[in-house]
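# Structural description and commentary
Single-letter residue listing:
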Amino acid sequence: MLDILITGGRILDGSGNPPFAGHIGIDRGRIALIGRGEPRAEARKTLDVRGLVVAPGFIDVHTHSDYSILAHNAGCSTLFAGVTTEATGVCGYGVFPVNESRKAEITNRMAGISQVDAAEIGEVDWTDLDGWLNKLEKRGIGYNLAHFCGHGAIRAQVMGDEGQGGERVHPTPGEMDAMKEALASAMQQGAFGLATGLMYAPGRNATTREVTELARVAAQYGGSHASHMRSEGEFLIWAAGEFIDIARGSGIRATINHHKGLGMENWGKVNQTLRMLERARDEGLDVMCDFYPWEYAAQSNLGSAFYTDFELTPRSYEALAESLTDDDQWEKLKTSLVEKMQEQTEAQRKRIKHLAGEGIRAALSKPMENLYIVHSPGHPELEGLSVLEAHGELGRFDHYFDTLRWLYLEDDGLTQTAGGTMSEDDLITTLRDRHSAISTDGWTFSRQQDRRRPGAISLHPRNYGTYAQVLGRYTREKKIIPLEEAVRKMTSLPAALLGLNDRGMLKPGLFADITIFDPETVGNRADHSQPDVYPEGIRHVLVNGELAIEEGEWTGSLAGRALRSGR
(Lines give C-alpha, C1' and ligand atoms only; values in the text may rest on other atoms or scores of the structure.)
Protein backbone atom coordinates (compact mmCIF):
# COMPACT_ATOMS: atom_id res chain seq x y z
CA MET A 1 0.00 0.00 0.00
CA LEU A 2 1.47 3.32 -1.15
CA ASP A 3 1.27 6.44 0.97
CA ILE A 4 0.28 8.73 -1.93
CA LEU A 5 -0.61 8.07 -5.55
CA ILE A 6 -0.51 10.98 -8.03
CA THR A 7 -2.57 10.27 -11.14
CA GLY A 8 -3.73 11.98 -14.32
CA GLY A 9 -0.95 14.54 -14.68
CA ARG A 10 1.71 15.28 -17.29
CA ILE A 11 5.05 14.29 -15.84
CA LEU A 12 8.16 16.41 -16.43
CA ASP A 13 10.98 14.41 -14.86
CA GLY A 14 13.45 17.32 -14.69
CA SER A 15 15.85 15.99 -17.32
CA GLY A 16 14.65 18.36 -20.03
CA ASN A 17 12.74 15.61 -21.81
CA PRO A 18 9.15 16.33 -22.97
CA PRO A 19 6.27 15.51 -20.59
CA PHE A 20 4.35 12.24 -20.65
CA ALA A 21 1.03 11.15 -19.15
CA GLY A 22 1.51 8.92 -16.16
CA HIS A 23 1.29 8.35 -12.44
CA ILE A 24 3.69 8.46 -9.48
CA GLY A 25 3.57 6.37 -6.32
CA ILE A 26 5.15 7.54 -3.07
CA ASP A 27 6.13 5.37 -0.14
CA ARG A 28 7.99 6.38 3.04
CA GLY A 29 9.12 9.71 1.67
CA ARG A 30 10.53 8.45 -1.62
CA ILE A 31 9.27 7.84 -5.13
CA ALA A 32 8.33 4.16 -5.27
CA LEU A 33 7.14 3.95 -8.87
CA ILE A 34 6.51 5.95 -12.03
CA GLY A 35 4.24 4.49 -14.69
CA ARG A 36 2.27 5.28 -17.80
CA GLY A 37 -1.41 4.54 -18.33
CA GLU A 38 -3.82 3.63 -15.54
CA PRO A 39 -2.20 2.75 -12.19
CA ARG A 40 -2.75 -0.64 -10.63
CA ALA A 41 -1.31 0.18 -7.22
CA GLU A 42 -3.41 1.20 -4.23
CA ALA A 43 -2.67 4.09 -1.91
CA ARG A 44 -3.90 5.64 1.30
CA LYS A 45 -4.34 8.95 -0.52
CA THR A 46 -4.84 9.63 -4.23
CA LEU A 47 -4.27 13.00 -5.91
CA ASP A 48 -6.08 13.37 -9.23
CA VAL A 49 -4.11 16.10 -11.05
CA ARG A 50 -5.60 15.98 -14.53
CA GLY A 51 -4.63 19.05 -16.56
CA LEU A 52 -1.64 19.77 -14.32
CA VAL A 53 2.12 19.32 -14.68
CA VAL A 54 3.95 17.12 -12.18
CA ALA A 55 7.58 18.21 -11.76
CA PRO A 56 10.42 17.75 -9.29
CA GLY A 57 10.35 20.26 -6.46
CA PHE A 58 12.23 23.40 -7.49
CA ILE A 59 15.73 23.90 -6.07
CA ASP A 60 16.89 27.46 -5.35
CA VAL A 61 20.69 27.56 -5.36
CA HIS A 62 21.05 31.09 -3.99
CA THR A 63 19.14 32.36 -0.94
CA HIS A 64 19.79 34.08 2.37
CA SER A 65 17.07 32.23 4.25
CA ASP A 66 19.52 31.29 7.00
CA TYR A 67 18.74 34.78 8.36
CA SER A 68 14.94 34.35 8.33
CA ILE A 69 14.29 30.62 8.80
CA LEU A 70 14.22 30.66 12.62
CA ALA A 71 11.40 33.21 12.70
CA HIS A 72 9.67 31.87 9.57
CA ASN A 73 10.40 28.16 9.85
CA ALA A 74 7.28 27.11 7.93
CA GLY A 75 8.81 28.77 4.86
CA CYS A 76 5.46 29.50 3.24
CA SER A 77 6.79 31.97 0.65
CA THR A 78 9.24 29.29 -0.47
CA LEU A 79 6.68 26.48 -0.58
CA PHE A 80 4.01 28.51 -2.38
CA ALA A 81 6.64 29.27 -5.03
CA GLY A 82 7.05 25.53 -5.62
CA VAL A 83 10.53 25.40 -4.05
CA THR A 84 11.32 22.37 -1.89
CA THR A 85 15.08 22.88 -1.37
CA GLU A 86 17.13 26.03 -0.88
CA ALA A 87 20.88 26.59 -0.73
CA THR A 88 21.93 29.30 1.67
CA GLY A 89 25.00 30.73 3.41
CA VAL A 90 25.93 32.50 0.18
CA CYS A 91 27.60 35.81 -0.79
CA GLY A 92 30.42 35.05 1.61
CA TYR A 93 28.62 35.50 4.89
CA GLY A 94 26.29 33.36 6.96
CA VAL A 95 25.29 32.20 10.41
CA PHE A 96 28.35 30.05 11.05
CA PRO A 97 31.07 29.84 12.23
CA VAL A 98 30.16 31.86 15.31
CA ASN A 99 32.33 33.29 18.04
CA GLU A 100 31.32 35.62 20.88
CA SER A 101 31.98 38.76 18.84
CA ARG A 102 29.62 37.64 16.05
CA LYS A 103 26.64 36.58 18.15
CA ALA A 104 25.13 40.06 18.47
CA GLU A 105 25.64 40.78 14.76
CA ILE A 106 23.90 37.53 13.75
CA THR A 107 21.02 38.13 16.17
CA ASN A 108 20.46 41.69 14.93
CA ARG A 109 20.65 40.70 11.27
CA MET A 110 18.18 37.86 11.79
CA ALA A 111 15.80 40.13 13.69
CA GLY A 112 16.03 42.93 11.12
CA ILE A 113 15.38 40.71 8.11
CA SER A 114 12.72 38.63 9.85
CA GLN A 115 11.03 41.78 11.24
CA VAL A 116 10.87 40.54 14.81
CA ASP A 117 12.42 41.65 18.07
CA ALA A 118 15.82 40.19 18.85
CA ALA A 119 14.31 38.36 21.84
CA GLU A 120 12.18 36.29 19.45
CA ILE A 121 15.31 34.96 17.73
CA GLY A 122 16.48 33.47 20.98
CA GLU A 123 20.00 32.57 21.97
CA VAL A 124 22.66 32.04 19.34
CA ASP A 125 23.67 28.77 20.93
CA TRP A 126 25.59 27.21 18.04
CA THR A 127 29.19 27.76 16.96
CA ASP A 128 29.55 25.65 13.82
CA LEU A 129 27.53 24.12 10.99
CA ASP A 130 26.70 20.99 12.93
CA GLY A 131 25.22 23.04 15.76
CA TRP A 132 23.22 25.17 13.31
CA LEU A 133 21.79 22.14 11.52
CA ASN A 134 20.84 20.58 14.84
CA LYS A 135 19.10 23.85 15.74
CA LEU A 136 17.04 23.70 12.54
CA GLU A 137 16.11 20.05 13.05
CA LYS A 138 14.95 20.78 16.59
CA ARG A 139 12.97 23.82 15.41
CA GLY A 140 11.35 22.02 12.47
CA ILE A 141 11.38 23.47 8.95
CA GLY A 142 8.91 23.38 6.07
CA TYR A 143 11.40 22.57 3.30
CA ASN A 144 14.96 21.33 2.81
CA LEU A 145 17.99 23.53 3.44
CA ALA A 146 21.52 23.01 2.11
CA HIS A 147 24.29 25.26 3.40
CA PHE A 148 27.45 26.72 1.92
CA CYS A 149 30.28 27.90 4.14
CA GLY A 150 30.90 31.63 3.74
CA HIS A 151 34.42 32.77 2.96
CA GLY A 152 33.75 36.16 4.54
CA ALA A 153 32.48 34.53 7.73
CA ILE A 154 35.62 32.40 7.96
CA ARG A 155 37.86 35.38 7.24
CA ALA A 156 36.14 37.49 9.90
CA GLN A 157 36.44 34.65 12.40
CA VAL A 158 40.17 34.26 11.79
CA MET A 159 41.36 37.75 10.80
CA GLY A 160 38.64 40.01 12.21
CA ASP A 161 36.13 42.34 10.59
CA GLU A 162 37.22 45.33 8.55
CA GLY A 163 38.87 47.77 10.89
CA GLN A 164 39.89 44.91 13.15
CA GLY A 165 42.31 43.10 10.85
CA GLY A 166 39.97 41.83 8.16
CA GLU A 167 40.85 44.76 5.91
CA ARG A 168 44.31 43.30 5.37
CA VAL A 169 44.86 41.84 1.92
CA HIS A 170 47.30 39.11 2.91
CA PRO A 171 46.63 36.68 5.77
CA THR A 172 49.62 35.34 7.64
CA PRO A 173 50.52 31.67 6.95
CA GLY A 174 48.96 30.78 10.28
CA GLU A 175 45.76 32.64 9.44
CA MET A 176 45.57 30.95 6.04
CA ASP A 177 45.93 27.55 7.69
CA ALA A 178 43.23 28.47 10.21
CA MET A 179 40.82 29.42 7.41
CA LYS A 180 41.50 26.13 5.63
CA GLU A 181 40.90 24.20 8.83
CA ALA A 182 37.62 26.03 9.46
CA LEU A 183 36.42 25.29 5.93
CA ALA A 184 37.50 21.65 6.14
CA SER A 185 35.60 21.30 9.40
CA ALA A 186 32.44 22.76 7.81
CA MET A 187 32.78 20.42 4.82
CA GLN A 188 33.15 17.43 7.14
CA GLN A 189 29.98 18.51 8.93
CA GLY A 190 27.99 18.62 5.68
CA ALA A 191 28.59 21.97 3.95
CA PHE A 192 27.93 21.91 0.22
CA GLY A 193 30.87 24.11 -0.67
CA LEU A 194 32.51 27.51 -0.39
CA ALA A 195 30.57 30.72 -0.97
CA THR A 196 32.40 33.96 -1.71
CA GLY A 197 31.23 37.56 -1.70
CA LEU A 198 34.07 39.50 -3.27
CA MET A 199 32.11 42.77 -3.23
CA TYR A 200 31.41 42.61 0.51
CA ALA A 201 33.43 43.04 3.69
CA PRO A 202 35.71 41.37 4.57
CA GLY A 203 35.91 39.01 1.57
CA ARG A 204 36.47 41.92 -0.82
CA ASN A 205 39.99 42.28 0.57
CA ALA A 206 41.04 38.76 -0.43
CA THR A 207 43.27 37.97 -3.39
CA THR A 208 42.48 35.47 -6.12
CA ARG A 209 45.15 33.21 -4.67
CA GLU A 210 43.51 33.12 -1.24
CA VAL A 211 40.14 32.15 -2.70
CA THR A 212 41.72 29.53 -4.97
CA GLU A 213 43.51 27.86 -2.05
CA LEU A 214 40.26 27.66 -0.09
CA ALA A 215 38.34 26.40 -3.12
CA ARG A 216 40.84 23.51 -3.35
CA VAL A 217 39.84 22.49 0.18
CA ALA A 218 36.13 22.49 -0.70
CA ALA A 219 36.84 20.58 -3.92
CA GLN A 220 38.62 17.83 -1.97
CA TYR A 221 35.29 17.13 -0.26
CA GLY A 222 33.27 17.23 -3.49
CA GLY A 223 31.94 20.71 -2.80
CA SER A 224 31.05 23.60 -5.11
CA HIS A 225 32.01 27.26 -5.28
CA ALA A 226 29.15 29.79 -5.27
CA SER A 227 30.56 33.16 -6.25
CA HIS A 228 29.22 36.66 -5.84
CA MET A 229 31.95 38.02 -8.09
CA ARG A 230 34.12 41.05 -7.48
CA SER A 231 32.17 43.13 -9.97
CA GLU A 232 28.79 42.97 -11.70
CA GLY A 233 29.26 46.26 -13.49
CA GLU A 234 32.34 48.12 -14.70
CA PHE A 235 34.73 45.16 -14.27
CA LEU A 236 32.21 42.36 -14.92
CA ILE A 237 34.25 40.74 -17.69
CA TRP A 238 37.47 40.84 -15.64
CA ALA A 239 35.60 39.40 -12.64
CA ALA A 240 34.23 36.54 -14.77
CA GLY A 241 37.80 35.80 -15.80
CA GLU A 242 38.87 35.69 -12.16
CA PHE A 243 35.97 33.33 -11.39
CA ILE A 244 37.13 30.99 -14.17
CA ASP A 245 40.75 31.22 -12.97
CA ILE A 246 39.64 30.10 -9.50
CA ALA A 247 37.77 27.12 -10.99
CA ARG A 248 40.79 26.24 -13.14
CA GLY A 249 43.25 26.57 -10.26
CA SER A 250 41.19 24.54 -7.80
CA GLY A 251 39.33 22.03 -9.97
CA ILE A 252 36.05 22.92 -8.26
CA ARG A 253 32.64 23.04 -9.95
CA ALA A 254 31.27 26.53 -9.64
CA THR A 255 28.48 28.97 -10.38
CA ILE A 256 28.40 32.73 -10.86
CA ASN A 257 25.66 33.83 -8.48
CA HIS A 258 22.85 36.12 -9.69
CA HIS A 259 24.68 36.77 -12.96
CA LYS A 260 23.89 40.18 -14.45
CA GLY A 261 25.21 43.32 -16.08
CA LEU A 262 24.40 45.96 -13.49
CA GLY A 263 23.80 49.49 -14.76
CA MET A 264 22.81 50.63 -18.24
CA GLU A 265 26.41 51.20 -19.29
CA ASN A 266 27.09 47.48 -18.69
CA TRP A 267 24.10 46.02 -20.50
CA GLY A 268 25.10 43.49 -23.12
CA LYS A 269 28.25 42.32 -21.33
CA VAL A 270 26.58 39.03 -20.37
CA ASN A 271 26.91 37.98 -24.01
CA GLN A 272 30.68 37.95 -23.54
CA THR A 273 30.71 36.43 -20.05
CA LEU A 274 28.42 33.58 -21.14
CA ARG A 275 30.79 32.87 -24.05
CA MET A 276 33.68 32.85 -21.56
CA LEU A 277 31.86 30.22 -19.49
CA GLU A 278 31.21 28.17 -22.63
CA ARG A 279 34.90 28.21 -23.57
CA ALA A 280 35.79 27.21 -20.00
CA ARG A 281 33.44 24.24 -20.25
CA ASP A 282 35.06 23.28 -23.56
CA GLU A 283 38.33 23.29 -21.64
CA GLY A 284 36.84 20.79 -19.18
CA LEU A 285 35.85 23.12 -16.32
CA ASP A 286 32.51 22.53 -14.60
CA VAL A 287 31.15 26.10 -14.50
CA MET A 288 27.71 27.65 -14.87
CA CYS A 289 25.67 30.59 -13.60
CA ASP A 290 22.39 31.27 -11.85
CA PHE A 291 20.17 34.35 -12.12
CA TYR A 292 16.82 35.87 -11.19
CA PRO A 293 14.39 37.26 -13.80
CA TRP A 294 14.00 40.81 -12.49
CA GLU A 295 15.15 44.17 -13.77
CA TYR A 296 16.05 45.61 -10.37
CA ALA A 297 18.38 44.21 -7.75
CA ALA A 298 17.63 44.17 -4.00
CA GLN A 299 14.63 46.24 -2.92
CA SER A 300 14.36 47.96 0.45
CA ASN A 301 12.33 50.49 2.32
CA LEU A 302 13.77 53.99 1.80
CA GLY A 303 14.15 54.32 5.56
CA SER A 304 17.18 52.03 5.34
CA ALA A 305 19.07 54.92 3.72
CA PHE A 306 18.98 56.84 6.99
CA TYR A 307 20.99 54.38 9.06
CA THR A 308 24.25 55.95 10.12
CA ASP A 309 25.82 52.56 10.80
CA PHE A 310 24.14 50.74 7.87
CA GLU A 311 23.25 47.85 10.18
CA LEU A 312 19.96 45.99 10.15
CA THR A 313 18.93 47.12 13.61
CA PRO A 314 15.12 46.87 13.83
CA ARG A 315 13.50 50.31 14.13
CA SER A 316 9.93 51.48 13.73
CA TYR A 317 8.66 53.91 11.14
CA GLU A 318 7.23 56.09 13.90
CA ALA A 319 10.60 56.43 15.65
CA LEU A 320 12.40 57.27 12.43
CA ALA A 321 9.72 59.70 11.25
CA GLU A 322 9.96 61.56 14.55
CA SER A 323 13.69 62.08 14.14
CA LEU A 324 13.27 63.14 10.50
CA THR A 325 10.53 65.65 11.32
CA ASP A 326 12.59 67.49 13.91
CA ASP A 327 14.90 69.90 12.02
CA ASP A 328 17.65 69.88 14.66
CA GLN A 329 17.72 66.08 14.85
CA TRP A 330 17.68 65.87 11.07
CA GLU A 331 20.70 68.15 10.64
CA LYS A 332 22.69 66.02 13.09
CA LEU A 333 21.62 62.81 11.34
CA LYS A 334 22.41 64.20 7.87
CA THR A 335 25.86 65.31 9.00
CA SER A 336 26.49 61.83 10.36
CA LEU A 337 25.31 60.21 7.11
CA VAL A 338 27.55 62.37 4.95
CA GLU A 339 30.57 61.77 7.19
CA LYS A 340 29.95 58.02 7.17
CA MET A 341 29.80 57.93 3.37
CA GLN A 342 33.00 59.94 3.11
CA GLU A 343 34.74 57.51 5.49
CA GLN A 344 33.55 54.54 3.45
CA THR A 345 34.66 56.10 0.19
CA GLU A 346 38.14 56.77 1.57
CA ALA A 347 38.39 53.20 2.90
CA GLN A 348 37.36 51.91 -0.53
CA ARG A 349 40.10 53.93 -2.22
CA LYS A 350 42.73 52.46 0.10
CA ARG A 351 41.49 48.92 -0.49
CA ILE A 352 41.37 49.35 -4.27
CA LYS A 353 44.94 50.70 -4.23
CA HIS A 354 46.15 47.62 -2.34
CA LEU A 355 44.28 45.22 -4.62
CA ALA A 356 45.56 46.99 -7.73
CA GLY A 357 49.06 46.07 -6.60
CA GLU A 358 47.96 42.42 -6.88
CA GLY A 359 46.61 42.93 -10.40
CA ILE A 360 43.02 42.83 -9.11
CA ARG A 361 40.40 45.25 -10.43
CA ALA A 362 37.75 46.62 -8.09
CA ALA A 363 35.32 49.46 -8.70
CA LEU A 364 34.76 52.47 -6.46
CA SER A 365 31.05 52.50 -5.65
CA LYS A 366 29.44 55.93 -5.63
CA PRO A 367 26.76 56.53 -2.98
CA MET A 368 23.19 56.62 -4.35
CA GLU A 369 24.38 56.40 -7.98
CA ASN A 370 22.57 53.11 -8.59
CA LEU A 371 19.67 53.46 -6.13
CA TYR A 372 16.29 53.75 -7.86
CA ILE A 373 12.79 54.65 -6.67
CA VAL A 374 10.53 51.72 -7.55
CA HIS A 375 7.42 52.62 -5.55
CA SER A 376 6.16 55.99 -4.30
CA PRO A 377 2.42 56.08 -3.52
CA GLY A 378 2.43 59.87 -3.29
CA HIS A 379 4.72 60.62 -6.24
CA PRO A 380 4.45 57.87 -8.88
CA GLU A 381 6.02 60.25 -11.40
CA LEU A 382 9.35 59.61 -9.66
CA GLU A 383 9.19 55.83 -10.06
CA GLY A 384 11.94 54.51 -12.32
CA LEU A 385 14.25 57.45 -11.57
CA SER A 386 17.46 57.09 -9.64
CA VAL A 387 17.68 58.93 -6.34
CA LEU A 388 20.02 61.47 -7.93
CA GLU A 389 17.71 61.91 -10.94
CA ALA A 390 14.71 62.45 -8.65
CA HIS A 391 16.71 64.96 -6.64
CA GLY A 392 17.53 66.90 -9.82
CA GLU A 393 14.00 66.57 -11.20
CA LEU A 394 12.46 68.06 -8.06
CA GLY A 395 15.11 70.77 -7.66
CA ARG A 396 13.77 71.71 -4.24
CA PHE A 397 16.70 70.92 -1.97
CA ASP A 398 20.46 71.45 -1.85
CA HIS A 399 21.35 67.87 -0.86
CA TYR A 400 19.85 64.60 -2.06
CA PHE A 401 19.45 63.44 1.56
CA ASP A 402 16.99 66.32 2.03
CA THR A 403 15.08 65.08 -1.01
CA LEU A 404 14.94 61.57 0.44
CA ARG A 405 13.76 62.89 3.78
CA TRP A 406 10.95 64.85 2.11
CA LEU A 407 9.84 61.94 -0.06
CA TYR A 408 9.91 59.45 2.82
CA LEU A 409 7.66 61.65 4.96
CA GLU A 410 5.40 62.47 1.99
CA ASP A 411 4.85 58.74 1.41
CA ASP A 412 4.26 57.98 5.12
CA GLY A 413 7.25 55.65 5.08
CA LEU A 414 6.05 53.50 2.15
CA THR A 415 8.68 54.58 -0.40
CA GLN A 416 10.54 51.59 -1.85
CA THR A 417 13.95 51.73 -3.50
CA ALA A 418 15.95 49.17 -5.44
CA GLY A 419 19.64 48.92 -6.19
CA GLY A 420 20.74 48.89 -9.78
CA THR A 421 19.04 48.21 -13.09
CA MET A 422 19.29 45.27 -15.46
CA SER A 423 18.26 44.79 -19.07
CA GLU A 424 15.44 42.39 -19.90
CA ASP A 425 17.35 41.56 -23.08
CA ASP A 426 20.23 40.38 -20.86
CA LEU A 427 17.80 38.37 -18.74
CA ILE A 428 16.45 36.65 -21.84
CA THR A 429 19.98 36.00 -23.14
CA THR A 430 20.91 34.37 -19.84
CA LEU A 431 17.67 32.40 -19.68
CA ARG A 432 18.36 30.91 -23.11
CA ASP A 433 21.82 29.73 -22.05
CA ARG A 434 21.61 26.01 -21.32
CA HIS A 435 23.87 26.26 -18.28
CA SER A 436 21.94 28.94 -16.35
CA ALA A 437 19.84 27.96 -13.33
CA ILE A 438 17.02 29.96 -11.78
CA SER A 439 17.58 31.43 -8.30
CA THR A 440 16.01 34.14 -6.12
CA ASP A 441 18.73 35.71 -3.95
CA GLY A 442 15.85 36.02 -1.50
CA TRP A 443 14.64 35.14 1.98
CA THR A 444 11.85 32.88 3.17
CA PHE A 445 8.82 34.31 4.98
CA SER A 446 5.67 32.88 6.52
CA ARG A 447 3.73 36.11 6.98
CA GLN A 448 3.45 39.50 5.35
CA GLN A 449 6.10 42.10 6.02
CA ASP A 450 5.77 45.62 7.34
CA ARG A 451 6.57 47.67 4.24
CA ARG A 452 7.12 50.78 6.36
CA ARG A 453 9.78 49.19 8.53
CA PRO A 454 13.06 51.03 7.86
CA GLY A 455 15.21 47.91 8.16
CA ALA A 456 13.15 45.93 5.65
CA ILE A 457 15.88 45.24 3.09
CA SER A 458 14.19 42.05 1.94
CA LEU A 459 11.15 43.59 0.25
CA HIS A 460 11.44 42.28 -3.29
CA PRO A 461 8.94 40.34 -5.43
CA ARG A 462 11.63 37.75 -6.18
CA ASN A 463 11.06 36.23 -2.71
CA TYR A 464 7.59 35.14 -3.83
CA GLY A 465 7.32 35.24 -7.60
CA THR A 466 10.59 34.22 -9.28
CA TYR A 467 9.67 30.72 -10.43
CA ALA A 468 6.14 31.68 -11.46
CA GLN A 469 7.64 34.63 -13.37
CA VAL A 470 9.76 32.27 -15.46
CA LEU A 471 6.96 29.74 -15.99
CA GLY A 472 4.33 32.35 -16.77
CA ARG A 473 5.93 35.37 -18.41
CA TYR A 474 8.97 33.88 -20.10
CA THR A 475 7.83 30.33 -20.86
CA ARG A 476 4.09 30.46 -21.56
CA GLU A 477 3.65 34.07 -22.73
CA LYS A 478 6.95 35.03 -24.39
CA LYS A 479 7.88 31.43 -25.31
CA ILE A 480 11.58 32.12 -24.72
CA ILE A 481 12.27 28.51 -23.71
CA PRO A 482 10.05 25.40 -23.67
CA LEU A 483 8.45 24.30 -20.43
CA GLU A 484 10.62 21.21 -20.02
CA GLU A 485 13.76 23.36 -20.28
CA ALA A 486 12.44 25.85 -17.71
CA VAL A 487 11.77 23.01 -15.28
CA ARG A 488 15.27 21.54 -15.87
CA LYS A 489 16.78 24.92 -14.91
CA MET A 490 14.79 24.78 -11.67
CA THR A 491 15.50 21.14 -10.76
CA SER A 492 18.19 18.83 -12.12
CA LEU A 493 20.61 21.61 -13.12
CA PRO A 494 20.81 23.19 -9.64
CA ALA A 495 20.84 19.70 -8.10
CA ALA A 496 23.94 18.90 -10.16
CA LEU A 497 25.70 22.03 -8.90
CA LEU A 498 24.97 21.07 -5.30
CA GLY A 499 25.84 17.41 -5.81
CA LEU A 500 22.33 16.34 -4.79
CA ASN A 501 22.03 12.90 -6.32
CA ASP A 502 18.76 12.03 -4.56
CA ARG A 503 16.70 15.11 -5.47
CA GLY A 504 16.00 17.25 -8.54
CA MET A 505 14.54 14.46 -10.71
CA LEU A 506 11.47 12.26 -10.74
CA LYS A 507 12.92 8.76 -10.57
CA PRO A 508 12.16 5.74 -8.40
CA GLY A 509 14.27 5.75 -5.25
CA LEU A 510 14.71 9.54 -5.09
CA PHE A 511 13.12 11.67 -2.37
CA ALA A 512 9.57 12.68 -3.23
CA ASP A 513 10.06 16.44 -3.50
CA ILE A 514 7.36 17.29 -6.05
CA THR A 515 5.73 20.47 -7.37
CA ILE A 516 2.43 20.27 -9.26
CA PHE A 517 1.24 23.34 -11.17
CA ASP A 518 -1.25 24.47 -13.78
CA PRO A 519 0.73 25.42 -16.90
CA GLU A 520 -2.16 27.57 -18.17
CA THR A 521 -2.48 29.79 -15.11
CA VAL A 522 0.85 29.71 -13.27
CA GLY A 523 2.15 33.24 -12.92
CA ASN A 524 3.65 35.86 -10.65
CA ARG A 525 1.42 38.32 -8.81
CA ALA A 526 4.03 40.18 -6.74
CA ASP A 527 5.42 43.58 -7.74
CA HIS A 528 7.44 46.39 -6.18
CA SER A 529 4.39 47.92 -4.49
CA GLN A 530 3.14 44.54 -3.18
CA PRO A 531 6.17 42.26 -3.08
CA ASP A 532 4.74 39.64 -0.70
CA VAL A 533 1.91 38.14 -2.76
CA TYR A 534 1.84 34.41 -3.47
CA PRO A 535 1.88 33.34 -7.13
CA GLU A 536 -1.06 31.62 -8.76
CA GLY A 537 -1.16 28.19 -10.34
CA ILE A 538 1.04 26.27 -7.84
CA ARG A 539 -1.51 23.67 -6.71
CA HIS A 540 0.35 21.00 -4.72
CA VAL A 541 3.84 20.77 -3.20
CA LEU A 542 5.27 17.68 -1.53
CA VAL A 543 8.40 17.73 0.63
CA ASN A 544 9.98 14.36 1.43
CA GLY A 545 6.74 12.66 0.51
CA GLU A 546 4.45 14.83 2.65
CA LEU A 547 1.95 17.34 1.29
CA ALA A 548 3.06 20.83 2.30
CA ILE A 549 0.72 22.66 -0.11
CA GLU A 550 -2.56 20.96 -1.04
CA GLU A 551 -5.03 22.65 -3.39
CA GLY A 552 -3.19 25.93 -2.86
CA GLU A 553 -3.35 25.80 0.95
CA TRP A 554 -0.56 25.22 3.47
CA THR A 555 -1.11 21.96 5.36
CA GLY A 556 0.99 22.84 8.41
CA SER A 557 3.62 20.28 7.48
CA LEU A 558 7.20 20.70 8.69
CA ALA A 559 8.68 17.83 6.68
CA GLY A 560 11.81 19.66 5.56
CA ARG A 561 15.30 18.49 6.42
CA ALA A 562 18.61 20.12 7.22
CA LEU A 563 20.67 18.52 4.47
CA ARG A 564 24.25 17.41 4.90
CA SER A 565 26.43 16.99 1.84
CA GLY A 566 27.36 13.39 1.17
CA ARG A 567 24.81 12.04 3.63
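Procedures and definitions
Residues numbered from 1 in each chain as written. Predicted model: local features only at pLDDT ≥ 70, side-chain atom pairs only at ≥ 80, totals over all residues. Heavy atoms only, no water. Phe/Tyr/Trp six-rings, centres within 6.5 Å; stacked < 30°, edge-to-face > 60°. Helix = DSSP H or I, 4+ residues; strand = E, 2+ residues; numbered from the N terminus. Buried < 20%, exposed > 50% of the residue type's maximum accessible area, 1.4 Å probe, protein only. Lys NZ or Arg CZ within 6 Å of the ring centre and 35° of its normal. Salt bridge = Lys/Arg side-chain N within 4 Å of Asp/Glu carboxyl O. Core = buried A, V, L, I, M, F, W, Y, C linked by side-chain atoms within 4.5 Å. Contact = heavy atoms within 4.5 Å.

What characterises a pair of aromatic rings is the spacing of the ring centres plus the angle enclosed by the ring planes. According to the stated counting rule, one finds 13 aromatic pairs in the structure shown. Between Tyr296 and Tyr372 the ring centres are 6.0 Å apart and the planes differ by 55°, which places this aromatic pair in the tilted class. Of this pair, Tyr296 sits in the loop between β13 (287-291) and β14 (299-301) while Tyr372 is found in strand β15 (residues 371-375), placing the two residues 76 residues apart along the sequence. Each member of the pair, Tyr296 as well as Tyr372, is classed as buried. With centroids separated by 5.8 Å and ring planes inclined at 80°, the aromatic side chains of Phe306 and Trp330 adopt a geometry described as edge-to-face. Residue Phe306 is found in the loop between β14 and α10 (317-325), and its partner Trp330 is found in helix α11 (residues 327-356); the two are separated by 24 residues along the sequence. Overall, Trp330 belongs to the buried group, its relative accessible area being 0%. Among the aromatic residues, those joined into a ring-pair cluster are Phe306, Tyr317, Trp330 and Tyr408. Lying over the aromatic face of Tyr292, Arg462 brings its terminal NZ or CZ to 4.7 Å of the ring centre.

In this section: the pattern of salt bridges. Close approach of charged atoms allows side chains of opposite charge to pair. Enumeration according to the criterion identifies 32 salt bridges in this entry. In this structure, Asp130 engages Arg564 in a salt bridge whose closest nitrogen and oxygen atoms are separated by 3.6 Å. Here Arg564 lies in the segment after β21 (553-554) and Asp130 lies in helix α4 (residues 129-139), a separation of 434 residues in the sequence. Here Arg488 ties to Glu485 by a salt bridge, and the two come within 2.8 Å at their closest N and O atoms. Note that Arg488 and Glu485 are positioned in helix α16 (residues 483-490) at a spacing of three residues, about one turn of the helix. For Arg488, a relative accessible area of 6% gives the class buried. Look at the salt bridges and you will find they share partners, linking Arg102, Glu105 and Arg109 into a network.

Met110, Trp126, Trp132, Leu183 and Phe517 are the most contacted members of the largest nonpolar core, which has 97 residues in total. With residues near it in sequence (within four places) discarded, Trp132 still touches Asp66, Ile69, Leu70, Val95, Met110, Trp126 and His147. Leu302, Phe306, Met368 and Tyr408 belong to the second largest nonpolar core, which has 18 residues in total.

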